[in-house]
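Here is what each chain is made of, one letter per residue.
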Amino acid sequence: MRTLFVNIKSLVASLETPLHPLRGKALQQLEQMNHAWLLCENGKIVDFGSDDTYSTLASERTIDCTGRFIVPAFVDSHTHIVFAATRENEFVDKINGLSYEEIAQRGGGILNSSKRLQQCTEEQLFLDAKVRALHLIEQGTGALEIKSGYGLTVVDELKMLRVIARLKKELPIPVRATFLGAHAYPQEFRQHHEGYINLIINEMLPIIAEEKLADYIDVFCDKGFFSMDESNKILAAASKYGLKPKIHGNELGLTGGVQVAINNDAISVDHLEEVGEEEIKLLAQSSLIATVLPGTSFFLGIPYAPARRLVDAGAALCIASDYNPGTSPNGRMSFLLSLACIKMKLLPEEALNACTINAAFALELQNEVGSISKGKRANFILTKPMHSLALMPYTFGEDMIECVYINGVKIAKSM
Ligand code: NIG
Ligand code: FE
C-alpha cells in the first residue's frame, strides 16, 4: 500500500542519518521542509519533497495534512514498564516529607515493586505492560527500551525478560531489552552483597545469554545501591556475553556512575541529576550518550540534570521517560519535551533531537527510527494545525499530537 501525505505545512525530515549522535550546535539543527509531501510504502518511508512535485506520484491513498507538521515519532530509550502494581502510597509518603532514599530504606521503593512482581503471573505482567506500551505508542512513542530489575531473583528476572521478549514480538515498534538484575539488593542480601552479585554473574547472566533475553546490561551504580567496584564486577562478567552497558548513574550522588560507564564502554549513562564539572567534562569528551530523565526530577522534586550545561560543553544528549511506578509513573514524551524546554532550558529543536535521533543512537536503532529518512520505518507524528514547532513544548500537558503513524498505519486512540 502506497500512502501519500500532502500539503504538509512543515515536514521534519532528514536526507541523511548522521554517523554519530548530535552534539553541540548540531543539536539545534532540525531540517524542516515547508509545503511538503511524504510517500510511504509497506511500512517504510519511500520519499519526500517540497511543493507540488508529488502530483506525478501514484498512490492508493492520499492524506491531506494542511496546516499540520509531521515530525519523527519519539524514541524512549529508558523505561521500566513491566511492573505489577502502582505505588501511590509512596507518592503520599513523599508528600508527607519522606525522601526516595528514606522510602527505600523502609523496604519501599524497588523492593516494594519486587515483592509485588514476584507474586504476579507472567501472563498478567505481559497484559499490563502491553496496555502501557500501546498507550505510549498512541502518545507518539515509535521505539522503546524496557528494563528488568523488579524481579531480583533468578526466576523473576527471567520472568520479566520473557515478558519483554513477548512484547518485542507483539508490539508494532522496535523494542530493546535491558537486564537490570543489579537494580537493588534484595532484603536477604542487604548485608551480603557478594552473594547477590554471584547470583547475577553465575546464575542469571548465563541463562539470559543462552536464551538471548537481553540486548543490554544495566546497573544502578549510585549511593546506597551498587558501588563502583560492585558495578565493575557485574559489567565485566556481562561483557563476556557481549552485553553492552547502559548505566543508571549519578541520580542520588556523586558516586562514580559516569566513570563506571566510561570505563566499561557503555552506550549511555542515564539520570545525571548529580554531576559536577568533572563528570560534565568527561561526558563531553567521550562517545557515551548522556541521557537525562526530566520526568523523574519533576515527580520526585529532585534537581534536574544540567542538560543545558551538558549540551554547551559538547555532550551527546538524549531525553527519555524513565517510566516506572516509583519515580516517573508516566511515559508521555510530549510532556518531557515541555519539561526539557521549561526546566532544562533546551531549545525545542534540541529537545526534539534529543528524544528522537539521539535516543535512537542510544538504542543502536539509528538506521531504523529516530528521523524521517528514506528507508526508515514510517513511524511519525501528525500534529494538530500549528504555526511553529515550538508550540509542541509550549502547550505543556496539552498535546499538539493529532495522530500517530506506526509502520505507515494510523494508530487508533483507545484512551
Ligand atoms: O530509574 N533509579 C533507579 N531505578 C528507577 C526507579 C525504580 C523505582 O523506584 O521503582 C529509576 O528512577
Ligand atoms: Fe530508570
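Residues numbered from 1 in each chain as written. Chains lettered and ligands numbered in written order. Predicted model: local features only at pLDDT ≥ 70, side-chain atom pairs only at ≥ 80, totals over all residues. Heavy atoms only, no water.

Caption draft 1: Highlighting the coordination of the iron ion (ligand 2). Coordination sphere of the iron ion (ligand 2), protein contribution only: His-78 (NE2), His-80 (NE2), His-248 (NE2) and Asp-322 (OD), at 2.1 to 2.2 Å. Mapping the donors of the iron ion (ligand 2) onto the primary sequence yields the spacing H-x1-H-x167-H-x73-D. Highlighted residues: His-80 in the loop between strand E6 (74-76) and helix H1 (88-95) and His-248 in strand E10 (residues 244-249), separated in sequence by 168 residues. (Donors = N, O, S within 2.8 Å, 3.2 Å for Na, K, Ca; no water. Helix = DSSP H or I, 4+ residues; strand = E, 2+ residues; numbered from the N terminus.)

Caption draft 2: Highlighting the domain arrangement of the protein. Parsing the protein into structural domains produces domain 1 (2-73 + 370-411) and domain 2 (75-362). Centre-to-centre separation of domain 1 and domain 2, based on C-alpha positions: 29 Å. With 34 residues of domain 1 at the interface, the matching set in domain 2 holds 39 residues. Between domain 1 and domain 2 the total buried area reaches about 2800 Å² when both faces are included, carbon and sulfur atoms providing 66% of it. Ranking the residues of domain 1 by area buried against domain 2 places Arg-23, Leu-27 and Pro-393 at the top, with a combined share of 23%. Taken together, the connections running from domain 1 to domain 2 amount to 1 salt bridge. Here Arg-332 makes a salt bridge to Asp-399, at a shortest N to O gap of 3.1 Å. (Domains from an automatic or database assignment. Contact = heavy atoms within 4.5 Å. Buried area = accessible area lost by both parts, 1.4 Å probe. Salt bridge = Lys/Arg side-chain N within 4 Å of Asp/Glu carboxyl O.)

Caption draft 3: Region of interest: the environment of Lys-343. Residue position: Lys-343 is located in helix H12 (residues 333-344). On the basis of relative accessible area, Lys-343 is assigned to the partly exposed category, the value being 47%. The spacing of Lys-343 and Ser-297 is 46 residues in sequence and 9.8 Å in space, taken between C-alpha atoms. Those residues in contact with Lys-343, other than ones at most four positions away along the chain, are Tyr-304 and Ser-338. (Buried < 20%, exposed > 50% of the residue type's maximum accessible area, 1.4 Å probe, protein only.)

Caption draft 4: Highlighting the pairing of strand E3 (residues 44-50). Where strand E2 (residues 32-41) meets E3, 6 bridges bridge the pair, whose relative direction is antiparallel. When the sheet's bridge partners are listed, Trp-37 is paired in E3 with Gly-49. Between E2 and E3, which pair antiparallel and follow one another directly, the connecting turn spans 2 residues, one of which, Asn-42, has a positive phi of 50°. (Pairing = 2+ DSSP bridges.)

Caption draft 5: Highlighting the site of ligand 1. Among the 15 residues in the neighbourhood of ligand 1, the closest are listed as Tyr-100, Tyr-150, His-183, Glu-251 and Thr-327. In the environment of ligand 1, an oxygen atom lies 2.6 Å from a nitrogen or oxygen atom belonging to the side chain of Tyr-150. One of the side-chain N or O atoms of His-248 is found 3.0 Å from an oxygen atom in ligand 1. Its free accessible area being 320 Å², ligand 1 has 100% of it covered by the protein chains. A class-by-class count of the residues in the shell around ligand 1 yields 4 nonpolar, 8 polar and 3 charged. (Near = heavy atom within 4 Å. Polar contact = N/O pair within 3.5 Å; in protein donor to acceptor, adjacent residues only side chain to side chain. Areas by Shrake-Rupley, 256 points an atom, 1.4 Å probe, with all protein chains shown as cover. Nonpolar A, V, L, I, M, F, W, Y, C, P; charged D, E, K, R; others polar.)

Caption draft 6: Here's a closer look at the packing of aromatic side chains. All chains considered together, the criterion is met by 10 aromatic pairs. Pairing Phe-5 with Phe-380 gives two aromatic rings, centres 5.2 Å apart and planes at 85°, and the pair type is edge-to-face. Placement of Phe-5 in strand E1 (residues 2-12) and of Phe-380 in strand E14 (residues 380-385) is noted, with a sequence separation of 375 residues between them. Accessibility assignment for this pair places Phe-5 and Phe-380 in one class, buried. (Phe/Tyr/Trp six-rings, centres within 6.5 Å; stacked < 30°, edge-to-face > 60°.)

Caption draft 7: Region of interest: the packing of helix H5 (residues 154-170) against helix H6 (residues 193-210). In contact at an axis separation of 10 Å, H5 and H6 are set at 35° when each is read in the N-to-C sense. Seen from above, H5 lies across H6 with right-handed handedness. When H5 is examined against H6, the residues Val-154, Glu-157, Leu-158 and Leu-161 are found in contact with a partner set consisting of Leu-199, Glu-203, Met-204, Ile-207 and Ile-208. Taken together, the residues of the contact of H5 with H6 break down into 7 nonpolar, no polar and 2 charged. (Axes fitted to C-alpha atoms, helices over the stretch in contact; angles between N-to-C directions. Left-handed = near helix turned anticlockwise from the far one by under 90°.)

Caption draft 8: Representation of the pattern of salt bridges in the model. Summed over the entire model, instances satisfying the criterion amount to 20 salt bridges. The salt bridge partner of Glu-101 is Lys-223, with a shortest N-O separation of 3.7 Å. Taken together, the residues span a long stretch of sequence, with Glu-101 in helix H2 (residues 100-105) and Lys-223 in the loop between strand E9 (216-221) and helix H7 (228-239) at a distance of 122 residues. Residue Glu-101 is classed as partly exposed on the basis of its relative accessible area, which comes to 27%. Residue Glu-170 pairs with Arg-166 through a salt bridge whose shortest N-O separation is 3.4 Å. Of the two residues, Glu-170 and Arg-166 both sit in helix H5, 4 residues apart, roughly one turn of that helix. Judged by relative accessible area, which is 30%, Arg-166 ranks as partly exposed. When salt bridges that share partners are traced, they join Glu-123, Lys-130, Arg-166 and Glu-170 into one network.

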